[in-house]
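Summary of the model geometry
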Amino acid sequence: MITPLPFRMHASVAALWCLAATTAFSAQPGASTAAPQQGDEIAHAVKEGDTLEGLARSYLANPRQWPLLQARNKVADPRRLQPGSLIFIPVRLQPSESATVQFVQGEATAQARGSSTPAPIATGSKLEEGTELKVGPESFVAVQLADGTVVRVQAQSELQLRQLRRRGRAGSVQSVLEMHKGGVESTVPPSAEPQRRMEIRTPLAVTSVRGTQFSVALADSGQTTASVEHGSVAVQSRRDTDSEPGAALKAPTALLTPGQGLAVATDGTVGAARALLPAPDTSGMPTTLGDAGLMTIDLPMAAGATRYVAQVAQDPAFTQVLRHGSFPDGRLRWKALDDGRYYLAVRALDDAGIAGLPAVQPFTVKTRPVAPLYQHPAPGAVVPSGAAELRCTEVPGVRWYRVQVAADVQFTQPLRDEQRLTECRLPLGALPAGSYFWRIASLLALPDGQADQGPFAPPQPFTVADRPTALSLQALQAEDGDPTVRLHWPAQAGQRFRLQRTEATDLDFAKVAEDTVLDAPTWTASNLAAGEYLVRIQVLDASGLESDFSPPRKIRVGTGIRTGAGLPVSTSSGTPVGRP
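Because the structure is predicted, anything quoted here is derived from the model rather than measured.

1. Considerations on the overall build of the protein
Tallying secondary structure elements over the protein gives two helices and 44 strands in all. Scored against the burial criterion, the 580 residues of the protein give a buried share of 49%. Counted over contacts in the protein with a minimum sequence separation of 6, partners at least 24 positions apart contribute 64%. Carbon together with sulfur atoms contributes 50% to the accessible area of the protein, which is approximately 25,500 Å² in total.

This is the structure we're talking about:
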């Protein structure tokens, strides 16, 4: 899965590529003429006046270590170095650095070098060179290196911080990460340091990054793709590289500029550069999501797209990723998040699997207090003019209910808008015959007397008719006081539901009286004793996702005893009279 972040690579032994930022192949102003860094050593091109003692001071922050450089390079006279020759500096001799855990989501462990036991990691903890990270399913870790580089380790990944070194006492940082499984994303800040080194390695690939933003992904087939958002990236087949430490990389096979991408076949053949697909259209995405079961976002498929890849994060830099996924169409589905502010990043993949440009969209999740469930009328039912009533369940802890009625599903001009009903019911009165929609929401009472409204439930259609004779018997049976209870709620295609029922006082559902799986978003109970009950619902999505159970709603079962006028018989306090 690719996300619209500055850098991403998936690891596999099938990878046959090598990527390096353009700056790894072109000299910066004032840069050394050193050959590109590779392996575990730095190749320094000797200049006039260089000595081993001076190189030890510059690279190792310890001039007394010059004999180690002499031994490694077999230098006969340490005070007379040949200009233009190469001196190899072992990275292991440089001062070590550490990394800091910025964010952890889910299950992640770190195993320090020399340790046999992995330990859970937490935000703020330090990671030393050699540490191996393992990130579990549906998990995420962000790590900041000493030079400000942020590495985002994706779910089901294994990554080793192989080298965390600094050139001299205060010089550039030298970082090498070894990835054994999964994927990472990395943001490498621009730097004027010509000797800075940032590499991410896989079993058959090396990527050298210098302040550029790009994406890399590996398909199950072994094909590798790359795409560039900012800067430029040199792409090189692994079969064309030298593997000896300190050896120079050959000229890149292709150079990608912003807005371009390419694919590298499993045999190492580098394809031609192509334009990236544009960012998906998120203009129709709601600014607020209110489903407490699953987080659902529907986007139109972009022309030429074969699938979407997407992430949801708490921050616009996508350092705190909470959800991610790959979707064959524009129907993005995740387990619901807590109420708050989030950011969606989504990209389209073309027919070669190359990730397009990202669309980043902020949105809000507001699911509390949950909306009631619809009771009467059933969706699309016909009700009698002048005698009908809209009814819904109660929500424990809620102070008021808001019920709206409109002639259009967008509710541009509500015909009824009752905002502080103490009961979840609304007599329609003399509403003219016609087709309508209604929707409902719950409101909590705040300490200052104001109301905190939750999301509206999706609108339900109904029809008002002048002649009761046109109504079905079913439509006329749902008045309060009946022993039959019917519930209805919105659903996506292919979803099933698990419903639990318990006594009204059992808020924790410790003694569940009924636990059933439903194939449709409706539930009917006709044999319950008169009284009050709680129900809660879990969504079983066609994708395999299962939501948490919803907050409970309260239902009231009547007695079925009516007056001669057809009204339910109740006590002076409004409690239904029980059956004899």
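2. Some details on the state of the cysteines
Using the criterion set out here, one finds one disulfide in the structure. C392 shares a disulfide with C424; S-S distance 1.7 Å. The sign of the -90° torsion about the S-S bond sets the C392-C424 disulfide as left-handed. With C392 in strand β32 (residues 389-392) and C424 in the loop between β34 (416-421) and β35 (425-427), this residue pair connects regions lying 32 residues apart in the sequence. Like C424, C392 is buried.

3. Overview of the pairing of strand β6 (residues 108-111)
One face of the sheet, then the other: side chains in a regular strand alternate in exactly this way. Side-chain alternation along β6 places A108 and A110 on a buried face and T109 and Q111 on a face that remains uncovered. Sheet analysis places β6 next to strand β9 (residues 132-135), joined by four bridges and oriented antiparallel. Opposite A108, over in β9, you have V135 as the bridge partner. Sheet topology note: the β6/strand β7 (residues 119-120) ladder contains two bridges and is antiparallel.

4. Side note on helix α1 (residues 52-60)
The set of residues buried in α1 consists of L52, L55, A56, Y59 and L60. Angular distribution of buried residues about the axis of α1 spans 100°; they occupy a single face of the element. In this structure, the buried residues of α1 make contact with β3 (41-45), α2 (66-73), β4 (86-90) and β12 (157-166). Just downstream of α1 lies A61, where phi reads positive at about 60°.

5. Considerations on the sheet that holds strand β29 (residues 359-365)
Read across the sheet, five strands follow the order β23-β29-β28-β25-β26 without closing on themselves; strand pairing throughout is mixed. Strands with a single pairing partner mark the edges of an open sheet, and in this sheet they are β23 (288-289) and β26 (321-327). With two bridges connecting them, β23 and β29 associate as parallel partners. Bridge pairing in β29 places L289 opposite V365.

6. What to know about the nonpolar core
One finds L332, W334, L344 and F363 to be the most contacted residues of the largest nonpolar core, which totals 31 residues. Where this core is concerned, the elements lending two or more residues are β10 (140-144), β24 (294-298), β25 (307-313), β26, β27 (331-335), β28 (340-349) and β29. Take this core: its biggest share by element is six residues, from β28. When neighbours within four sequence positions are excluded, F363 is seen to be in contact with M285, P286, T287, L289, M295, V312, G340, R341, Y342, Y343 and L344.

7. Regarding the sheet that holds strand β41 (residues 514-518)
The four strands lie next to each other as β41-β40-β43-β44, forming an open sheet whose pairing is antiparallel. Every interior strand has two partners, whereas the edge strands, β41 and β44 (553-557), have only one. Taking the axes of each pair of neighbouring strands and ignoring which way they run, one obtains an average angle of 30° across the sheet. Taken together, the eight bridges between strand β40 (residues 496-503) and strand β43 (residues 531-540) define a ladder with antiparallel strand orientation.

About the thresholds
Residues numbered from 1 in each chain as written. Predicted model: local features only at pLDDT ≥ 70, side-chain atom pairs only at ≥ 80, totals over all residues. Heavy atoms only, no water. Helix = DSSP H or I, 4+ residues; strand = E, 2+ residues; numbered from the N terminus. Buried < 20%, exposed > 50% of the residue type's maximum accessible area, 1.4 Å probe, protein only. Contact = heavy atoms within 4.5 Å. Areas by Shrake-Rupley, 256 points an atom, 1.4 Å probe, with all protein chains shown as cover. Disulfide = S-S within 2.5 Å. Pairing = 2+ DSSP bridges. Arc of directions from axis to C-beta. Core = buried A, V, L, I, M, F, W, Y, C linked by side-chain atoms within 4.5 Å. Axes fitted to C-alpha atoms, helices over the stretch in contact; angles between N-to-C directions.

Treat this as a map of the structure, not an account of what it does.
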